[in-house]
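These are the residues of each chain, in order.
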Amino acid sequence: MRRPSALLGGALALWGVLSGGCGSSTPTRSGDVLFAENCARCHGADGKGDPRTLPLYPRVDLTRSPMGAAAERILIHDRIARGYTTMPGFQDKLQAEEIGKLVNKCIALAAPAKNGA
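Residues numbered from 1 in each chain as written. Predicted model: local features only at pLDDT ≥ 70, side-chain atom pairs only at ≥ 80, totals over all residues. Heavy atoms only, no water.

### Focus on the overall build of the chain
- If you tally the helices and strands in the chain, you get six helices and zero strands.
- Among the 117 residues that make up the chain, the fraction classed as buried is 28%.
- Contacts in the chain between residues at least 24 apart in sequence constitute 49% of all its contacts with a sequence separation of at least 6.
- Accessible surface computed for the chain: about 8700 Å², of which carbon and sulfur atoms make up 60%. (Helix = DSSP H or I, 4+ residues; strand = E, 2+ residues; numbered from the N terminus. Buried < 20%, exposed > 50% of the residue type's maximum accessible area, 1.4 Å probe, protein only. Contact = heavy atoms within 4.5 Å. Areas by Shrake-Rupley, 256 points an atom, 1.4 Å probe, with all protein chains shown as cover.)

### Examining the nonpolar core
- One finds F35, I76, I80, L94, I99, L102 and V103 to be the most contacted residues of the largest nonpolar core, which totals 17 residues.
- Elements represented by at least two residues in this core include exactly α2 (31-38), α5 (73-82) and α6 (96-110). (Core = buried A, V, L, I, M, F, W, Y, C linked by side-chain atoms within 4.5 Å.)

### Remarks on the environment of C106
- Structurally, C106 is set in helix α6.
- Classification of C106 by relative accessible area gives buried; the value is 12%.
- Residue contacts for C106: discarding those within four places in its chain leaves L62, G68, I76 and I80.

### Thoughts on α6
- In this model, α6 (15 residues) spans 21 Å end to end at C-alpha, consistent with the 21 Å of a helix rising 1.5 Å per residue.
- Regarding α6, the residues found buried are E98, I99, G100, L102, V103, K105, C106, I107, L109 and A110. (Expected span 1.5 Å × (residues − 1).)

### Overview of the confidence of the model for the chain
- Here the chain averages 82 in pLDDT, and 73% of its residues register 70 or above.
- Averaged pLDDT values for the elements of the chain fall to 48 in helix α1 (residues 2-18) and rise to 98 in α5.
- Note on residues 10-24: pLDDT under 50 across the span, and two contacts to partners over four residues away in sequence or across chains. (pLDDT = per-residue confidence, 0-100.)

### Details of the packing of aromatic side chains
- Here the structure, examined in full by the defined rule, presents zero aromatic pairs.
- Taking NZ or CZ as reference, K105 lies 5.6 Å from the ring centre of F35, over its face. (Phe/Tyr/Trp six-rings, centres within 6.5 Å; stacked < 30°, edge-to-face > 60°. Lys NZ or Arg CZ within 6 Å of the ring centre and 35° of its normal.)

### Here's the deal with the pattern of salt bridges
- By the definition in use, this model includes seven salt bridges.
- In this structure, R82 and D78 form a salt bridge, with 2.7 Å as the shortest nitrogen-oxygen distance. Placement of both R82 and D78 in helix α5 is noted, with a separation of four residues, approximately one turn of the helix.
- Given a relative accessible area of 61%, R82 falls into the exposed group.
- The salt bridge involving E97 is made with K101; its shortest N-O contact spans 3.8 Å. Taken together, the residues E97 and K101, both in helix α6 and four residues apart, mark about one turn of the helix.
- Salt bridges here are not isolated pairs; linked through shared partners, they connect R29, E37 and E98. (Salt bridge = Lys/Arg side-chain N within 4 Å of Asp/Glu carboxyl O.)

Pasting the structure below:
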(Lines give C-alpha, C1' and ligand atoms only; values in the text may rest on other atoms or scores of the structure.)
Protein backbone atom coordinates (compact mmCIF):
# COMPACT_ATOMS: atom_id res chain seq x y z
CA MET A 1 0.00 0.00 0.00
CA ARG A 2 2.94 2.34 0.34
CA ARG A 3 3.65 2.28 -3.35
CA PRO A 4 0.68 4.49 -4.51
CA SER A 5 1.44 7.17 -1.93
CA ALA A 6 5.12 7.16 -2.92
CA LEU A 7 4.14 7.53 -6.57
CA LEU A 8 1.77 10.36 -5.71
CA GLY A 9 4.44 12.13 -3.67
CA GLY A 10 6.97 11.75 -6.49
CA ALA A 11 4.46 13.02 -9.04
CA LEU A 12 3.69 16.07 -6.90
CA ALA A 13 7.38 16.81 -6.43
CA LEU A 14 8.00 16.51 -10.17
CA TRP A 15 5.04 18.77 -10.92
CA GLY A 16 6.42 21.37 -8.48
CA VAL A 17 9.80 21.36 -10.18
CA LEU A 18 8.35 21.53 -13.69
CA SER A 19 5.93 24.31 -12.82
CA GLY A 20 8.64 26.49 -11.32
CA GLY A 21 8.04 25.68 -7.68
CA CYS A 22 6.39 28.10 -5.32
CA GLY A 23 6.19 31.77 -6.19
CA SER A 24 7.95 33.53 -9.03
CA SER A 25 10.17 31.63 -11.40
CA THR A 26 12.59 34.56 -11.63
CA PRO A 27 14.91 35.16 -8.71
CA THR A 28 14.53 38.40 -6.81
CA ARG A 29 17.30 40.83 -7.74
CA SER A 30 18.26 43.96 -5.85
CA GLY A 31 18.09 47.43 -7.35
CA ASP A 32 21.89 47.49 -7.49
CA VAL A 33 22.00 44.24 -9.50
CA LEU A 34 19.21 45.39 -11.82
CA PHE A 35 21.00 48.71 -12.37
CA ALA A 36 24.28 46.95 -13.16
CA GLU A 37 22.56 44.61 -15.60
CA ASN A 38 20.31 47.11 -17.37
CA CYS A 39 21.47 50.69 -16.80
CA ALA A 40 25.19 50.91 -16.07
CA ARG A 41 26.14 50.46 -19.71
CA CYS A 42 24.94 54.00 -20.45
CA HIS A 43 24.57 55.58 -17.02
CA GLY A 44 27.81 54.20 -15.57
CA ALA A 45 28.23 52.06 -12.48
CA ASP A 46 28.07 55.20 -10.32
CA GLY A 47 25.15 56.74 -12.24
CA LYS A 48 27.27 59.62 -13.56
CA GLY A 49 27.42 58.40 -17.15
CA ASP A 50 30.41 58.28 -19.47
CA PRO A 51 32.21 61.67 -19.41
CA ARG A 52 32.90 61.33 -23.14
CA THR A 53 29.19 61.25 -23.97
CA LEU A 54 27.93 63.82 -21.45
CA PRO A 55 28.14 66.74 -23.89
CA LEU A 56 25.82 64.83 -26.27
CA TYR A 57 23.61 63.22 -23.63
CA PRO A 58 23.72 65.26 -20.41
CA ARG A 59 20.72 63.41 -18.98
CA VAL A 60 22.68 60.19 -18.57
CA ASP A 61 24.13 61.62 -15.33
CA LEU A 62 21.50 60.42 -12.88
CA THR A 63 23.26 62.06 -9.94
CA ARG A 64 22.16 65.43 -11.37
CA SER A 65 18.64 64.40 -12.30
CA PRO A 66 15.99 66.94 -11.28
CA MET A 67 13.36 64.19 -11.39
CA GLY A 68 15.45 61.99 -9.12
CA ALA A 69 16.18 64.83 -6.69
CA ALA A 70 12.45 65.65 -6.53
CA ALA A 71 11.62 61.93 -6.16
CA GLU A 72 9.22 62.06 -9.10
CA ARG A 73 8.44 58.35 -8.86
CA ILE A 74 5.74 58.23 -11.54
CA LEU A 75 7.79 60.12 -14.12
CA ILE A 76 10.92 58.05 -13.46
CA HIS A 77 8.90 54.83 -13.66
CA ASP A 78 7.43 55.95 -16.99
CA ARG A 79 10.86 56.76 -18.42
CA ILE A 80 12.25 53.38 -17.41
CA ALA A 81 9.19 51.47 -18.62
CA ARG A 82 8.62 53.28 -21.93
CA GLY A 83 12.03 54.76 -22.64
CA TYR A 84 12.84 58.34 -23.60
CA THR A 85 14.64 59.65 -26.70
CA THR A 86 17.64 57.31 -27.15
CA MET A 87 16.96 55.32 -23.98
CA PRO A 88 15.07 52.08 -24.64
CA GLY A 89 12.03 51.08 -22.61
CA PHE A 90 12.20 48.11 -20.27
CA GLN A 91 8.52 47.29 -19.73
CA ASP A 92 8.83 44.16 -21.86
CA LYS A 93 12.06 43.05 -20.18
CA LEU A 94 11.48 43.81 -16.49
CA GLN A 95 8.59 43.20 -14.13
CA ALA A 96 6.83 46.13 -12.45
CA GLU A 97 8.51 45.29 -9.12
CA GLU A 98 11.93 45.38 -10.80
CA ILE A 99 11.20 48.74 -12.41
CA GLY A 100 10.15 49.98 -8.97
CA LYS A 101 13.54 48.94 -7.60
CA LEU A 102 15.23 50.89 -10.39
CA VAL A 103 13.10 53.92 -9.55
CA ASN A 104 14.37 53.70 -5.96
CA LYS A 105 17.94 53.39 -7.24
CA CYS A 106 17.56 56.49 -9.45
CA ILE A 107 16.18 58.51 -6.55
CA ALA A 108 19.02 57.32 -4.31
CA LEU A 109 21.60 58.31 -6.93
CA ALA A 110 20.16 61.81 -7.18
CA ALA A 111 19.84 62.31 -3.42
CA PRO A 112 22.26 64.89 -2.04
CA ALA A 113 25.22 63.43 -0.20
CA LYS A 114 24.92 63.66 3.56
CA ASN A 115 28.03 64.98 5.22
CA GLY A 116 28.76 64.31 8.83
CA ALA A 117 30.43 67.72 9.20
